[in-house]
Amino acid sequence: MGRVNDPHTPPPSAPAAHRATGGTEDAGLDDPLAAFAALRTEAGRALLDEVRDVEPAQELAAATRLRREHPAPLVSAALGQARLRRRAAAKFGAKDAGRMFFTPDGVEQSTRASVATHRAESFRSLGVRTLADLCCGIGGDAIALARAGISVLAVDRSPLTCAVARANAEALGLADLIEVREADVTDVDTSAYDAVFVDPARRSSKRGRIFDPESYSPPLSWAVQAARKAPRAALKIAPGIPHEAIPAGTEAEWISDGGDVKEAVLWFGTDAPASHRATLLPQDVSLWSSLDAMLPDPEVRPVGRYLYEPDGAVIRAHLVAEVAARVGGGLIDETIAYVTSDALHATPYAVAYEITDRLPFGVKKLKALLREREVGILTVKKRGSAVEPEELRRKVKPQGKNSATVFLTRVAGAPTMLIGHPAP
């Protein structure tokens, strides 16, 4: 879950005196590591409790008041940590987030707890009892692994990130199962462990999101080599990775949570054939196919009574044809991942809509139809269209007591609007 390990950039270092402070003295608290150490003192924890419920609009007044009794850098660190904990609640749950510590990058880049738990259970089911978590970040994956009963070596190069990971293991009562080590992951011997998990950095402070797998830190090629050396391994990658960049012989898994694609993982040493898998959380269901048995692209058909919108993980895994086969459907266009069928089939891998109208694209036509139907609640979805949903919504100005969904897409190559509602 670490995204800060960079073997090519020297890690930030704090003066030794700052690292050892741990108190609330003003001197040295401008250093992030010293400020974090101060937050973990008795006074720092008391301050964190005091600012726990301070809302963003109240921060200025709270800071002014608290700086009369506490060093300004410590007050800023406490308010910042409270802000990060509120953000982290969406990923870790309010209970855990309220006890954990975070960095801005850690909140942004950490694995969602539901996804980390799913992966930890996968490792446990493979018989893994010890694991090296390379590029561990603030410890989200290590926490899930430890809760699954797996002993974890969590490695990251950043001193601050390691301090946060260590604090999180202690805060959640998992310190006996998580050893945090500050090191370059390329220097760590993992031969004594049952499995390896590698989560390379896919963002850069200068360039933002990184799309070239060889520009990951460490590069994908190194991560693959490290994974192949282990009896069992998983390698986290960007969901949009080109399929041709996926190493041969791996099981590739795309994971969505609540309909949003969160990540992709390459599995090594599972004894499964080379395959693609789409896993949907929180249902915890998977659609799977070996590479040599994947179905050909579905045929294009006229729009039927029902439109199926496959889950994003299904689309990323190139398993739309498997969904089409399950619902007896075909594509509305050879380049669009919408499936159409005249029959309604229950499937967790796609959301079904009943289509009531099909129109060539045109704002005036849509506005007139919505006025006639008294549609005031309009959901706009698009695939294969350059029109922005919010722009369309402003132009048609929906008003009325009814609701509808409009799909901006292409049907057999032609810009089209499909109007309907979720199927019962």
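Note: the structure precedes this text.
All figures in this text were calculated on a predicted structure; none of them were measured in a lab.

Engineer: It is not clear to me how the sheet that holds strand β3 (residues 178-182) should be interpreted in this structure. Could you clarify?
Structural biologist: Across a sheet, strands are paired by hydrogen bonds formed along the backbone, either parallel or antiparallel in direction. Spatially, the nine strands line up as an open sheet ordered β3-β2-β1-β4-β7-β9-β8-β10-β11, and their pairing is mixed. Each edge of the sheet is formed by a strand with only one pairing partner; in this case those strands are β3 and β11 (285-290). Ignoring strand direction, the axes of neighbouring strands in this sheet form an average angle of 20 degrees. In this structure, strand β1 (residues 130-134) lies alongside strand β4 (residues 195-198), joined through four bridges in parallel fashion. Residue D133 lies in a different strand from β4, and its bridge partner there is F197. Against the sheet, helix α10 (residues 159-171) engages β2 (151-156) and β3, with an angle of about 170 degrees to β3.

Engineer: What is the right way to read the side chain of D184 from this model?
Structural biologist: Relative to the elements of secondary structure, D184 occurs in the loop between β3 and β4. A polar atom in the side chain of D184 sits 2.7 Å from the side chain of T186.

Engineer: Even after reading the chapter, I still don't get the environment of V406, so can you show me in this structure?
Structural biologist: Assignment of secondary structure puts V406 in strand β17 (residues 402-411). The exposure class of V406 is buried, given its relative accessible area of 0%. V406 sits twelve residues away from L418 along the chain, and the two C-alpha atoms are 5.6 Å apart. Setting aside chain neighbours within four positions, we find V406 in contact with L366, L378, T379, V380, K381, L392, M417, L418 and I419.

Engineer: What should I look at first to understand the pattern of salt bridges in this one?
Structural biologist: For side chains of opposite charge, pairing can occur when their charged atoms come near one another. By the definition in use, this model includes 24 salt bridges. The shortest N-O distance in the salt bridge between E50 and R65 comes to 3.1 Å. In this pair, E50 is assigned in helix α3 (residues 42-51) and R65 in helix α4 (residues 59-66), connecting sequence segments 15 residues apart. Judged by its relative accessible area of 39%, R65 is partly exposed. Here D141 makes a salt bridge to R119, at a shortest N to O gap of 2.8 Å. Here the residue D141 occupies a position in helix α9 (residues 140-147), and R119 occupies one in helix α8 (residues 113-125), the gap between them amounting to 22 residues. The burial state of D141 is the same as that of R119; both residues are buried. The structure contains a network of salt bridges with shared partners spanning R119, D141, D199, K236 and E263.

Engineer: Honestly, the pairing of strand β13 (residues 330-333) in this entry has me stumped. Any pointers?
Structural biologist: Within a regular beta strand, the side chains point alternately toward one face of the sheet and then the other, so they alternate between its two faces. Where β13 lies against strand β14 (residues 336-341), three bridges are found, and the strand directions are antiparallel. Within β14, the residue paired with G330 across the bridge is T340. Connecting β13 to the antiparallel partner β14 that follows it, the hairpin turn spans two residues.

Engineer: It is not clear to me how unusual backbone geometry should be interpreted in this structure. Could you clarify?
Structural biologist: Most peptide bonds take the trans form, and the phi angle of most residues other than glycine is negative. Residue P282 is bonded to the preceding L281 through a cis peptide linkage, with omega at 5 degrees. By the element assignment, P282 lies in the loop between β10 (275-281) and β11. A positive phi angle is found at K397, which is not glycine, with a value near 45 degrees. Considering the arrangement of structural elements, one finds K397 in the loop between α15 (389-396) and β17.

Engineer: Looking at this structure, how should I read the state of the cysteines?
Structural biologist: Among covalent bonds in proteins, the disulfide is the one between the sulfur atoms of two cysteines. Inspection of every chain in the model, using the stated rule, returns zero disulfides. A disulfide-free cysteine, C136 has its sulfur positioned 5.5 Å from the sulfur of C162, the nearest such atom. On the basis of relative accessibility, which here comes to 0%, the residue C136 falls in the buried class.

Engineer: Sorry if this is basic, but what is going on with the sheet that holds strand β18 (residues 414-422) here?
Structural biologist: Strands sit in the order β13-β14-β12-β15-β18-β17-β16 across an open sheet of seven strands; the sheet is mixed. For this open sheet the edge positions go to β13 and β16 (375-382), each flanked by a neighbour on one side alone. Looking at each pair of strands side by side, their axes are set apart by 40 degrees on average, direction ignored. Sheet strands touched by helix α13 (residues 320-327): β12 (306-310), β13, β14 and β15 (350-360). Its angle to β14, the strand with the most contacts, is close to 10 degrees. Where helix α14 (residues 363-373) meets the sheet, it contacts β15, β16, β17 and β18, and its direction lies at approximately 110 degrees from that of β15.

Engineer: Would you mind showing me how to read the packing of aromatic side chains here?
Structural biologist: Think of a pair of aromatic rings as described by two things: how far the centres are apart, and how the planes are tilted against each other in angle. Enumeration over the complete set of coordinates arrives at five aromatic pairs. Here F36 and F101 contribute two aromatic rings whose centre-to-centre distance is 5.3 Å and whose plane-to-plane angle is 90 degrees, an arrangement assigned as edge-to-face. Of this pair, F36 sits in helix α2 (residues 32-39) while F101 is found in the loop between α6 (94-97) and α7 (104-109), placing the two residues 65 residues apart along the sequence. Accessibility classification places F36 together with F101 in one group, the buried group. A ring pair is formed by F92 and F102, whose centres lie 5.5 Å apart and whose planes are at 50 degrees; its orientation type is tilted. With F92 in helix α5 (residues 72-92) and F102 in the loop between α6 and α7, this pair connects stretches of sequence that are ten residues apart. For the pair formed by F92 and F102, the shared burial category is buried. Site record: aromatic cluster; members linked through ring pairs are Y338, Y353 and F407. One residue, R85, lies across the ring of F101, its end atom 4.9 Å from the ring centre. Here R383 stacks its cationic end above the ring of Y338, 4.5 Å away from the centre of that ring.

Scoring rules and cut-offs
- Residue positions within a chain follow its written sequence, with the count starting from 1.
- Local features in this predicted model are restricted to residues of pLDDT 70 or higher, and side-chain atom pairs are both shown and tallied only at a pLDDT of 80 or more, whereas totals for entire chains, interfaces and linings draw on every residue.
- The side-chain quantities take in all heavy atoms of the structure and omit both hydrogens and water.
- Strand pairing is defined by DSSP finding a minimum of two bridges between the two strands.
- Secondary structure elements are defined from DSSP: runs of H or I of at least 4 residues count as helices, runs of E of at least 2 residues count as strands, and each element is numbered from the N terminus.
- Inter-axis angles, ranging from 0 to 180 degrees, are taken between N-to-C directions of lines fitted to C-alpha atoms, where helices are fitted over the stretch in contact.
- By definition, residues are in contact when any of their heavy atoms lie within 4.5 Å.
- The term polar contact refers here to a pair of N or O atoms within 3.5 Å; inside protein, the definition further demands a hydrogen-donor-capable atom paired with an acceptor-capable atom, and it admits residues adjacent in sequence only when both atoms are side-chain atoms.
- Exposure classes here rest on a 1.4 Å probe applied to the protein chains alone. A residue is buried below 20% of its type maximum, exposed above 50%, and partly exposed in between.
- What makes a salt bridge here is a side-chain nitrogen of Lys or Arg within 4 Å of a carboxyl oxygen of Asp or Glu, nothing more.
- The disulfide definition used here is simple: a pair of cysteine sulfur atoms within 2.5 Å.
- In this scheme Phe, Tyr and Trp rings, the latter by its six-membered ring, pair at centre separations within 6.5 Å, and the angle between planes marks the pair as stacked below 30 degrees, edge-to-face above 60, and tilted otherwise.
- Comment: the charge-over-ring label is applied if NZ (Lys) or CZ (Arg) is within 6 Å of the ring centre and within 35 degrees of the ring normal.

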